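Structural features, examined
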Amino acid sequence: MGRFDEGFEGCVALVTGGGSGIGRATAERLTGAGARVVLADLDESRGKQAAKALGTDFVTLDVGDPDAWREVVSNIDRSHGALHLAHLNAGIMTYRASGEELARPFELGDLPDENYRRLMATNLDGVVFGMRATAPLIERSGGGAIVATASTAGVVPFAMDPIYTASKHAVVGFVRSMAPWLVARGIACHAVLPGVVDTNILAEGFADKAREIGIPVIAPDQIADAVVHAARHETTGGLWICVAGKAPYAYEFEPVRGLGVPAKSNGERA
Ligand SMILES: NC(=O)c1ccc[n+]([C@@H]2O[C@H](COP(=O)([O-])OP(=O)(O)OC[C@H]3O[C@@H](n4cnc5c(N)ncnc54)[C@H](O)[C@@H]3O)[C@@H](O)[C@H]2O)c1
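Fair warning: this is a prediction, and the values are worked out from it, not measured in the lab.

On to helix H2 (residues 44–54). Within the span of H2, buried status applies to Gly47, Ala50, Ala51 and Leu54. Down the axis of H2, the smallest arc covering the buried residues is 100 degrees, so these residues share one side. The exposed set on the far side of H2, more than 90 degrees from its buried face, consists of Ser45, Lys52 and Ala53. At its buried positions, H2 is contacted by helix H1 (21–32), strand E2 (36–41) and strand E3 (57–60). Positive phi shows up at Gly55, right after H2, with a value of about 75 degrees.

In this section: the nonpolar core. Soluble globular proteins tend to pack their nonpolar side chains together in the buried interior. Counting 73 residues, the largest nonpolar core has Ile146, Val192 and Ile223 as its most contacted members. Per-element accounting of this core gives the leading share, eight residues, to helix H4 (residues 113–140). In this structure Val192 touches Val147, Thr149, Ala150, Ile223, Ala226, Val227, Ala230, Trp240, Cys242 and Pro248, once residues within four positions along its chain are discounted.

For the rest of this paragraph, the subject is the site of the ligand. Lining the immediate environment of the ligand, one finds 29 residues, of which Gly17, Gly21, Gly91, Thr199 and Ile201 sit closest. Residue composition of the shell around the ligand, by class: 11 nonpolar, 14 polar and four charged.

Attention shifts here to the environment of Ile223. Following the sequence through the fold, Ile223 ends up in helix H7 (residues 220–232). Residues in contact with Ile223, not counting those within four places in the same chain, are Ile22, Ala25, Val192, Pro194, Val197, Ile218 and Cys242.

Further remarks concern the sheet that holds strand E4 (residues 85–88). With mixed pairing, eight strands are arranged side by side in an open sheet as E3-E2-E1-E4-E5-E6-E7-E8. The open sheet has two edge strands with one neighbour each: E3 and strand E8 (249–250). Packing of H1 onto the sheet brings it into contact with strand E1 (12–16), E2, E4, strand E5 (144–149) and strand E6 (187–194), and relative to E1 it is tilted by some 165 degrees.

Consecutive residues of a regular strand have side chains that alternate between opposite faces of the sheet. Counting buried residues in E6 gives eight out of eight residues, a clear majority hidden from the surface. Alternating positions in E6 separate into two faces, Ile187, Cys189, Ala191 and Leu193 on one and Ala188, His190, Val192 and Pro194 on the other, with burial throughout. Here six bridges tie E5 to E6, and the two strands are oriented parallel to one another. From the neighbouring strand, Ala148 faces E6, where its bridge partner is Ala191. Once you follow E5 into helix H5 (residues 162–183) and on to E6, the crossover reads as right-handed.

Most of E1 is tucked away: five of the five residues are buried. Residues Val12, Leu14 and Thr16 line one face of E1 and the alternating positions Ala13 and Val15 line the opposite face, and both faces are buried. Here five bridges tie E1 to E2, and the two strands are oriented parallel to one another. Pairing of Thr16 across the sheet is with Ala40, part of E2. Note that the unit made of E1, H1 and E2 has a crossover that is right-handed. Here E1 pairs with E4 via three bridges, running parallel.

Given a rise of 1.5 Å per residue, 28 residues ought to cover 40 Å, and the 39 Å separating the end C-alpha atoms of H4 matches this to within 8%. Along H4, the sharpest change in direction is near 45 degrees and occurs at Asp125. Directly beyond the C-terminal end of H4, a positive phi value near 95 degrees is found at Gly142.

Next up on the list: the confidence of the model for the chain. Interpreting fine coordinate detail is not advised for predicted regions of low pLDDT. Here the chain averages 93 in pLDDT, while 93% of its residues score no lower than 70. Confidence drops under a pLDDT of 50 for residues 265–270, and excluding neighbours within four residues, the segment shows 24 contacts in the predicted structure.

The rules behind each value
- Residues numbered from 1 in each chain as written.
- Predicted model: local features only at pLDDT ≥ 70, side-chain atom pairs only at ≥ 80, totals over all residues.
- Buried ≥ 20, exposed ≤ 12 C-beta atoms within 10 Å, placed from the backbone.
- Helix = DSSP H or I, 4+ residues; strand = E, 2+ residues; numbered from the N terminus.
- Arc of directions from axis to C-beta.
- Contact = placed C-beta atoms within 7 Å.
- Core = buried A, V, L, I, M, F, W, Y, C linked by C-beta atoms within 7 Å.
- Near = placed C-beta within 6 Å.
- Nonpolar A, V, L, I, M, F, W, Y, C, P; charged D, E, K, R; others polar.
- Pairing = 2+ DSSP bridges.
- Axes fitted to C-alpha atoms, helices over the stretch in contact; angles between N-to-C directions.
- Right-handed = clockwise from strand over helix to strand, strands pointing away.
- Expected span 1.5 Å × (residues − 1).
- Bend = angle between axes of the 7 residues up to and from the residue.
- pLDDT = per-residue confidence, 0-100.

What follows is the structure in C-alpha cells.
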C-alpha cells in the first residue's frame, strides 16, 4: 500500500517556491486535502502572504544553499516530527520571459555568468540539495514521495532559453537515476513536466503571445493535480507531462543500452 493511498490527511509536506504559481497552487491543494504544509520561498513577502492566505507554515529558503536546507529540514523535524512529501519546485528562467523574447535570438556570448550560476543553483542544485536534505526525514517518517518540477523543456529543446533547458534536462536525468535508490528507502521520486503555465515566471505579455502563436497555456491548478497524481502513483521515476486540458501522462524514452539500474535497488522503472 502506498503512503498516500488514503489521501494526504495528517501528512507533512514541504513545497519550495510555494509563494507563487505552481508551488502556491500545490500548497493550496495539499492543505485542502488535510496535509500540514510548510511553504518555502526565497521571496519572503510573497511567501508570507501566500502562507497566511493558505494557513500554512512559512520558511525563507534559498534552495541553492545547502546549509539552509539542513536547517529547514531539522526545523520541520522539530516542529512537525515528520515529513512525507517534498515538492522541489522553485525555479527561474535565465532572463524574465517576455512575449518579445519568443522571437528574439538567444546570444550565448551575452550570457552573464551570474545569470547562469543563479539559474543552475535554483533549478538544479535546488533539487539535488533538496532531495539530499529531505530524503532521510521522509525515510524516518515511514516513506513518502519527492516530486520535482521539471518542464517539457526537460525532454525537448526550448531554444528561447537553452540554459533553462539544460537545467531541466539535468533534473529529469537526476530524478530517473535517483528513483531506484530511493524506492529501496520507501520513497517514490517523480518529476512533473509542465508546458507553458500562467505564473509570475513569465513577464507580462508572454502568456498572451504564446496563445497567439497556438501554444495552449495551462492554469497552475492543473500542475498541482499532476503533483498529487505523481505522489500517489504506484510506480517511481515517472516523468509526468502536463499539457492543457489533459490528464498528466507518463513520458517514455526510447530504450537505450546503458549501465542501467542496480539489481538490488528493486526499482520498478528507470
Ligand atoms: N510557468 C511555466 O510556464 C513553467 C513551465 C514549466 C516548468 N515551470 C517550472 O515550475 C516551477 C515553478 O515556477 P512557476 O511557474 O510557478 O513560477 P513563479 O515565478 O510563479 O514561482 C516560482 C517561485 O520560486 C521562488 N524562487 C525563485 N528562486 C528561488 C530560490 N533560489 N529559492 C527558493 N525559492 C525561489 C520565487 O520567489 C517564486 O515564488 C519552476 O521550477 C519552473 O521552472 C514553469
